[in-house]
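Here is how the chains run, residue by residue.
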Amino acid sequence: MYIGNFFKRLRGDAQLRAEIAPLRQTLHELEQQVEALSAPGAMQGGKAAESQQLSVVAGQKASQPYLAAVLKRYQNNFRSWLDMDAPWYTGPATRWLEQHVNADDRVFEYGSGRSTVWWCRLAGEVTTLEASPEWIAFLNFYMAERPELMAKLHTIHVPADWNPEFDGGVKRYWGRRRDHITPETIATLERRYLEVDVPPATSVVAFDGSIRSLTMARWAIDGRGARGADILVVDNTEKRAMSSLCSLIEPDYVRLDFAFGPGDVIPEGQKGKHVTSIFVSHERMERCERGEALPDGTDLTPHMMSDAMTDDQLAAKVRGYEERLRRLGVLAESERGDPSGQ
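To keep things clear, this report deals only with the structure shown in the data block. Predicted model, so just to flag it, every value in this text is computed and none were measured.

By the definition in use, this model includes 13 salt bridges. Ionic pairing is found between glutamate 292 and arginine 95, a salt bridge with its closest N-O pair at 2.7 Å. Residue glutamate 292 is found in the loop between helix H12 (282-285) and helix H13 (311-328), and its partner arginine 95 is found in helix H4 (residues 91-100); the two are separated by 197 residues along the sequence. On the basis of relative accessible area, arginine 95 is assigned to the partly exposed category, the value being 42%. For arginine 212, the salt bridge goes to aspartate 208, with nearest N and O atoms at 2.6 Å. Note on aspartate 208: relative accessible area 23%, which makes it partly exposed. Salt bridges sharing partners connect three or more residues here, namely Arg79, Asp83, Glu145 and Arg146.

Printed below as a string of structure tokens:
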């Protein structure tokens, strides 16, 4: 059947083929089961057994193209993309982090990708919390070829793979399985994602990935940002809601805003606006320079994306994050008062 021919066409070195071998064997076994169930006389035992067997066959046939597509996308696209070894932060922010983060640091990252590879080269230990099953697969394939980086990495997968801030809401994996998503499922997975604890002695926390606004809101509103980490990295603070959440942690940190610079690749939808903000504890900032950060007190309005929200609407949006966190039961009692500033 076609699966054997597909794997023969896979390019890559011997080590990658060795990593894929168990999956190939699994798919081969699935093929044999499909053939057995399709053979004359296989469908015996009454209508209940027939229905169960047909369900197994349908599930296997559905999964095979999906698995093959994931491998193909990794091999043809994402393997070389991960090789670029640079996060999708602004260039000035990346240069600041490369100067001030070292092998003594332990990093916790919300959302994996190119940044994960880069953090593993830069820091001593990296934990990444990822929502996408595809990105977990891509990252594990890539790291299996680089044991010196894999030894530093701990991955956690919670499939809360959606972003309500974007059109369409859910991402590709859940989008094909919308009938499995109920309000109860969403609440359960969001709660599980948000309750993942940052490991002790973590010095750097990076915010990106899925349900990012809720993740940042938990840190900002209940004061978790003041508990231990020396450096917080928050991408896409050109968005007013994210920047407003960040303002809640400013008393505990020095805020450095890094706008995009020459040579930065900015997604077309952001229309040239991209800001990565880094928050540094006052104690650590004594050993750091501001680098290419915007001057303190700079008006960020020219760097921010227009969202047509009034100040009252923005405050209501931030309050909405807090209400969602309270309904999920993951928000400690706030020590900061009203997060809207009112």
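Moving on, we get to the packing of helix H5 (residues 114-122) against helix H6 (residues 133-144). The interhelical angle for the contact between H5 and H6, taken along N-to-C directions, is 40°, at an axis separation of 11 Å. Of the possible angle classes, the one that applies to H5 and H6 is oblique. Like other packed secondary-structure pairs, H5 and H6 cross with a definite hand, here right-handed. Along its contact with H5, which presents Thr116, Val117, Cys120 and Arg121, the element H6 presents Leu139, Tyr142 and Met143.

Time to look at the packing of aromatic side chains. Here the structure, examined in full by the defined rule, presents eight aromatic pairs. Aromatic side chains tyrosine 89 and tryptophan 118 sit 6.3 Å apart centroid to centroid with 85° between the ring planes, which places their arrangement in the edge-to-face category. Taken as a pair, tyrosine 89 in the loop between helix H3 (46-82) and H4 and tryptophan 118 in helix H5 lie far apart in primary sequence, 29 residues in all. Overall, tyrosine 89 belongs to the buried group, its relative accessible area being 7%. Judged by its relative accessible area of 4%, tryptophan 118 falls in the buried class. When the centroid spacing of 5.3 Å and the interplanar angle of 15° are considered together, the rings of tyrosine 110 and phenylalanine 207 count as stacked. In this pair, tyrosine 110 is assigned in strand E1 (residues 106-110) and phenylalanine 207 in strand E4 (residues 204-207), connecting sequence segments 97 residues apart.

Here we come to the side chain of arginine 240. Within the secondary structure, arginine 240 sits in helix H11 (residues 240-247). Within the structure, arginine 240 has its side chain in polar contact with the side chain of aspartate 311 (distance 3.0 Å). Residues contacting arginine 240, with those up to four places away along its chain left out, are Met304, Met305, Asp307, Met309, Thr310, Asp311 and Leu314.

What follows deals with unusual backbone geometry. For alanine 201, which is not glycine, the phi torsion reads 65° and is therefore positive. Given the relative accessible area of 59%, alanine 201 is considered exposed. If you check the backbone angles, isoleucine 211 has positive phi at about 30° while not being a glycine. Position of isoleucine 211 relative to the elements: it lies in the loop between E4 and helix H10 (212-222).

Scoring rules and cut-offs
- Residues numbered from 1 in each chain as written.
- Predicted model: local features only at pLDDT ≥ 70, side-chain atom pairs only at ≥ 80, totals over all residues.
- Heavy atoms only, no water.
- Salt bridge = Lys/Arg side-chain N within 4 Å of Asp/Glu carboxyl O.
- Helix = DSSP H or I, 4+ residues; strand = E, 2+ residues; numbered from the N terminus.
- Buried < 20%, exposed > 50% of the residue type's maximum accessible area, 1.4 Å probe, protein only.
- Axes fitted to C-alpha atoms, helices over the stretch in contact; angles between N-to-C directions.
- Parallel < 35°, antiparallel > 145°, perpendicular 65-115°, else oblique.
- Left-handed = near helix turned anticlockwise from the far one by under 90°.
- Contact = heavy atoms within 4.5 Å.
- Phe/Tyr/Trp six-rings, centres within 6.5 Å; stacked < 30°, edge-to-face > 60°.
- Polar contact = N/O pair within 3.5 Å; in protein donor to acceptor, adjacent residues only side chain to side chain.

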